[in-house]
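# Examination of the molecular architecture
These are the residues of each chain, in order.
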Amino acid sequence: MKNKILIPLMVIVALGAFFSFRYVHAAGSNTQQRRALVMETVLKTIQAAHFSPRPIDDTFSARVYRGMMSAFDGEKLYFTKAEADMLKKYEFSIDDQILAGSTEFFDSFEAAYLRRVDASEKIYESILKKPFNFNTNETVQLNTEKGPHGEETETLMLNAEKADYAADENSVAERWRKHLKYRALAKYVDLKTEQDKKKENKDSANVKTLTNAELEAKARQDVLKSNQRYMKRLRKVKSDERFAFYVNKLTETEDPHTSYFPPVEKKAFDERMSGSFVGIGARLNQNDDKTTVASIIIGSPSWKQGQLKAGDEIMKVAQGDKEPVDISGYEIDDVVKLIRGEKGTEVRLTVKGSDGAVKVIPITRGVVEIEETFAKSAIIQSKNGPVGFIYLPEFYADFNGTSGRTSSKDVAAEVKKLKEAGVTGIILDLRYNGGGSLNDVVEMSGIFVGRGPVVQVKSGHSSPSVLRSRGYDTALYSGPLAIMIDQSSASASEILAAAMQDYGRAVIVGSTSFGKGTVQKMVSLDDMIDAPTRLALANSAGAEENASLGSLKLTMEKFYRVNGGSTQLKGVRPHIDMPDPYDGYDDEELGERHNKSALPWDEVPAVSYKAANSISNLDDVVAMSNARIAANPTFKLISENSHLIKKKRDENKVSLNETQYRKDQEETNSISKKLEELQKNATLLEVTNPQEDLARINLDTASVAKNKDWLKALGKDIYIAETVNIINDIKKGGMKVNMGTGMK
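Residues numbered from 1 in each chain as written. Predicted model: local features only at pLDDT ≥ 70, side-chain atom pairs only at ≥ 80, totals over all residues. Heavy atoms only, no water.

## Observations concerning the sheet that holds strand β23 (residues 686–688)
If you trace the 7 strands from one edge of the open sheet to the other, you get β21-β18-β17-β14-β13-β12-β23, paired in mixed fashion. The open sheet has two edge strands with one neighbour each: β21 (576–577) and β23. For strand β18 (residues 507–510) and β21, the ladder comprises 2 bridges, and the chain directions are parallel. The partner of G510 across the bridge, within β21, is D577. Where helix α22 (residues 701–716) meets the sheet, its contacts fall on β12 (376–381), β13 (387–391) and β23, and the angle it forms with β12 comes to roughly 50°. (Pairing = 2+ DSSP bridges. Helix = DSSP H or I, 4+ residues; strand = E, 2+ residues; numbered from the N terminus. Contact = heavy atoms within 4.5 Å. Axes fitted to C-alpha atoms, helices over the stretch in contact; angles between N-to-C directions.)

## Focus: unusual backbone geometry
We note that Y432 has phi near 65°; this positive angle belongs to a residue other than glycine. Along the chain, Y432 turns up in the loop between β14 (426–429) and α14 (438–449). Exposure remark for Y432: the relative accessible area of 53% places this residue in the exposed category. With a phi close to 50°, N613 is a non-glycine residue in the positive phi region. (Buried < 20%, exposed > 50% of the residue type's maximum accessible area, 1.4 Å probe, protein only.)

## Concerning the packing of helix α19 (residues 633–651) against helix α20 (residues 658–681)
The contact between α19 and α20 brings their axes to 10 Å, and the two run at 160°. Classed by the angle they form, the pair α19 and α20 counts as roughly antiparallel. When the axes of α19 and α20 are compared, the crossing they make is left-handed. Residues P633, T634, L637, I638, E640, N641, L644, K647 and K648 of α19 lie in contact with α20, whose contacting residues are D664, E667, T668, I671, K674, L675 and L678. (Parallel < 35°, antiparallel > 145°, perpendicular 65-115°, else oblique. Left-handed = near helix turned anticlockwise from the far one by under 90°.)

## Structural notes on the side chain of H257
Structurally, H257 is set in the loop between α9 (239–251) and β3 (259–261). Engagement of the side chain of H257 in a polar contact is seen with the side chain of E592, the distance being 2.6 Å. What H257 contacts, discounting residues up to four positions off in sequence, is F514, K516, T518, Q520, K553, T555 and E592. (Polar contact = N/O pair within 3.5 Å; in protein donor to acceptor, adjacent residues only side chain to side chain.)

## Observations concerning the pattern of salt bridges
The tally for this structure, following the rule as stated, stands at 39 salt bridges. Across the salt bridge formed by E169 and R116, the nearest N and O atoms sit 2.7 Å from each other. Here E169 is found in helix α7 (residues 169–200), whereas its partner R116 is found in helix α6 (residues 104–127), with 53 residues between them in sequence. When its relative accessible area of 39% is taken as the criterion, E169 is described as partly exposed. Judged by its relative accessible area of 5%, R116 is buried. Several salt bridges converge on common partners, so that one network encompasses E83, R115, R116 and E169. (Salt bridge = Lys/Arg side-chain N within 4 Å of Asp/Glu carboxyl O.)

That is the geometry; function is a separate question.
Below, the structure written as structure tokens:
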């Protein structure tokens, strides 16, 4: 299996020699030359090794152009028509520029964008100096989306396909006025509501009441401060970060999951995938240019050393006995860079405690494990016996070689705990699980079906290869099994859910999954250039991270179910559909189905496989659950709420009249209030920890409190409650379980 997976990577390494003669001229001391080298290397690698590369032509160029304009100014609040027209001349020439080693479009775009950011600051400051009238009958159209730096913004939605850019500065200012008025109205209504609630309290006599005019002024001031904070963050974004975003617009023309990672981001990606990193284990906050400790990670070097506390302000950072660096005014990412380092080295923090005392705390860096990343289990009591629950946030693997932990081993360990506890069935929760290690999902499948084919993997011009679980001759657990998925369950989550569905091994419950049926490999771009170019790049680098071109997460394969079908676009459809609170949102936001650059659905021949530990009464189980869901008032309200969300999103209109705005808000909030009331009065599930976990949980008060909150959240989860019923229905159908082993 390993050889089959690694073959494409061997091909890529061989391609380095093929590309190298083109790149020697590009290496130099110039930033533009380095960027040209990155672009050319990225596109050459894609053309050589992508599953289904698209041509680098005028169509490619137009997609990149539209992608940049939409990402940075999709609501047309910044660029005037004159500036947009100036950039439009590049619409069909970006491909030619890249081939010529030019970054002209990016340079022109960045300069124009920064000019408009400066102009917008003057516009919103001027507008927010004057009071708004919330009695006029105006409306604004809104759209919530991700900005170019990952920020979520609720902005004017002018329908980019139809609306033109503002004709002049006055038109831009009018768009900003409506946008700011909406935000000020929302804040104003919140402030009035909060004040009214305080008046109702017993000590209302002590409440300082503000007039409507004072509340309106405060609302504008709050919006101004919010804009200023955002602008401050925007100005701290470096040109290299904007360029990396631009390169990702190049890669996104191929498919949504081919991505460029600068060296720093690649390191962060590896840490997220492994669930561990080398550092001191302190979570940091930043406010008003002060960096403070938010919390200490249990078991980390900081926790073991014992002196650093939540609330401490970090003032200076020193590497061992070297001169300390004053970090006042540093961005939090730069502070983290100073604190991180090699395992076994010492960092000395000068901190001010909550009592005002200043001291130097030496901490030896070590491996920090992020427990939130890892699988964990709980036991849910039901009328028919205890039901095991396993939460798996992602299919992690140890790419850094630090912790050695993998999701397949950890899930096996949790299954063993639950069997020891005598559970009558197991629920595996893959909701919000975006995927991860392909090897781990294959091995994890063996826990439930033993040896056998799990998934087929195919590169662009080859026949499918079959990946088989080999870790278990027979299933480690063969009792009742339910797998929970939702619209965010993607990639490896879909492989596992699909395999268990095809084998008849588990009941899949929830909503149709994301629809990501592609496999990515991380490719170092440095391997694509020859030794002289690498040396020239290293010699010209102004910073350590600039000595590397970064990496490319490249879509090289697609995976297919053992029955031959792909999960690409279509996802995995559950046996039992549960109302999803996010049904009101667009597929483009929560799934791959409407993404224009997504690869198509297709199928390959099925492989030979036999049903394993299948559920004999599946049809009855589905029918009983559907009847309960239809009769459940909470599920009915969730459906009603999602339909209302969809209706409002389709309309996209919000009134800027206070009376109408309040009426619309009351309609939206009425369902939420009913849901809160139902959940408040619902009977909670009784949830406990496996006995083996108690020693780890009871290490300190923070761990105890966090665990208590988790168990409480599980107990209130209506989806888990219904899945417990499903497990009990499976057991009724004759899947007999030995209470001592959890096996048939």
